[in-house]
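Secondary and tertiary structure notes
If you want the building blocks of each chain, they are given just below.
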Amino acid sequence: MSLAALHCTPLELVPLRAGDAASARDDGVEVRADGDGARRAWSVPSAYTALYLSVRNIGPSPVFVQLDDIELRAESGVLRAIAPDSIPPRRRVASLGMDPASPFIALQSPGAPARLGRTESVVLEPSPSSPVARSDRLSRAGAREIAAAAFVSGRIAGGQAREGLVYFRQPPADVKALLLRVGVRRHSIGADARFVEIACTVRG
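Report follows, based on the coordinates. (Residues numbered from 1 in each chain as written. Predicted model: local features only at pLDDT ≥ 70, side-chain atom pairs only at ≥ 80, totals over all residues. Heavy atoms only, no water.)

**Some words on the overall build of the protein**
Scanning the protein from N- to C-terminus turns up one helix and 15 strands. For the protein, with 204 residues in total, the buried portion stands at 42%. Taking all contacts inside the protein whose residues are at least 6 apart in sequence as the whole, residues at least 24 apart take part in 68%. On the protein, roughly 10,600 Å² of surface is accessible, and the fraction owed to carbon and sulfur atoms is 52%. (Helix = DSSP H or I, 4+ residues; strand = E, 2+ residues; numbered from the N terminus. Buried < 20%, exposed > 50% of the residue type's maximum accessible area, 1.4 Å probe, protein only. Contact = heavy atoms within 4.5 Å. Areas by Shrake-Rupley, 256 points an atom, 1.4 Å probe, with all protein chains shown as cover.)

Written as structure tokens, this is what we have:
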């Protein structure tokens, strides 16, 4: 199965080391990866997963990290990091029957009994493959929330760090072992990238 396939059951991507955190150093750069469970915003659709990434420059010269240089590798293929502004946010809307005395019946989930009146909100989950209108207030708020938590590409001066969530499409259900590869470029964006690697797995 190709890694381009989607698996929509909510899964969590975590490093293999105990404590759901791992770090690796290479040539003056320290990369740390954590599972995203505690930081994941409800507006991120379940078709996506993420790692909380921290890249610290422990050397004297600046380095550059670009989202295009971050990937997950498995035997069956590669998942590239996804730009946060390309993720269609989930939206939370009120269920049918705003008045407790309303005669409308709202089915909250498959198999759940019908209830009269308002019982809970409903989350609308967009399809990643279809365009989503961002003109309404709820979509814009969800998009801002996703972007605010995201890792931002760019220059990292000596002694400084960049950190945030890096988003990926969900790996297929049969993929368990993945290798996080973070490309680091010395001195300029056009320089060759050196990759720091951390082994990861999928926990469902």
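**Here's the deal with the pattern of salt bridges**
Taken as a whole, this structure holds eight salt bridges when the rule is applied. A salt bridge links Asp 69 to Arg 185, with the nearest nitrogen and oxygen atoms 2.8 Å apart. Within this pair, whereas Asp 69 is found in the loop between strand E5 (63-65) and strand E6 (70-74), its partner Arg 185 is found in strand E14 (residues 177-186), the two being separated by 116 residues in sequence. Each member of the pair, Asp 69 as well as Arg 185, is classed as buried. (Salt bridge = Lys/Arg side-chain N within 4 Å of Asp/Glu carboxyl O.)

**Some thoughts on the packing of aromatic side chains**
Considering all chains together, one arrives at zero aromatic pairs under this definition. Above the ring of Phe 195, the side-chain terminus of Arg 181 is found at 4.1 Å from the ring centroid. (Phe/Tyr/Trp six-rings, centres within 6.5 Å; stacked < 30°, edge-to-face > 60°. Lys NZ or Arg CZ within 6 Å of the ring centre and 35° of its normal.)

**What to know about the pairing of strand E4 (residues 48-57)**
Taking burial as the measure, the 10 residues of E4 include nine buried ones, the bulk of the element. Relative to E4, strand E3 (residues 29-35) runs antiparallel, the two being bridged by seven bridges. Following the sheet pairing, Arg 32 is matched in E4 by Ser 54. As paired elements, E4 and strand E13 (residues 161-169) share nine bridges and run antiparallel to each other. Its bridge partner being in E13, Ser 54 is matched across the sheet by Glu 163. (Pairing = 2+ DSSP bridges.)

**A word on the nonpolar core**
Of all hydrophobic cores here, the largest spans 29 residues; its most connected members are Leu 53, Val 55, Ile 70 and Leu 180. Beyond its immediate stretch of four places on either side in the chain, Leu 180 contacts Ala 33, Leu 51, Leu 53, Ile 70, Glu 71, Leu 72, Phe 168, Val 196, Glu 197, Ile 198 and Cys 200. Membership of the second largest hydrophobic core comes to 12 residues, among which are Tyr 48, Ala 50, Ala 150 and Leu 165. (Core = buried A, V, L, I, M, F, W, Y, C linked by side-chain atoms within 4.5 Å.)

**Considering the pairing of strand E7 (residues 77-80)**
As paired strands, E6 and E7 are joined by four bridges and run antiparallel to one another. Across the sheet, the residue bridging to Ala 74 is Gly 77, located in E7. Where E6 hands over to E7, the hairpin turn is made up of two residues, counted between the paired strands.

**Regarding the environment of Val 175**
Looking at where Val 175 falls in the secondary structure, it is placed in the loop between E13 and E14. For Val 175, a relative accessible area of 7% translates into the label buried. As a C-alpha pair, Val 175 and Val 202 span 27 residues in sequence and 7.5 Å in three-dimensional space.

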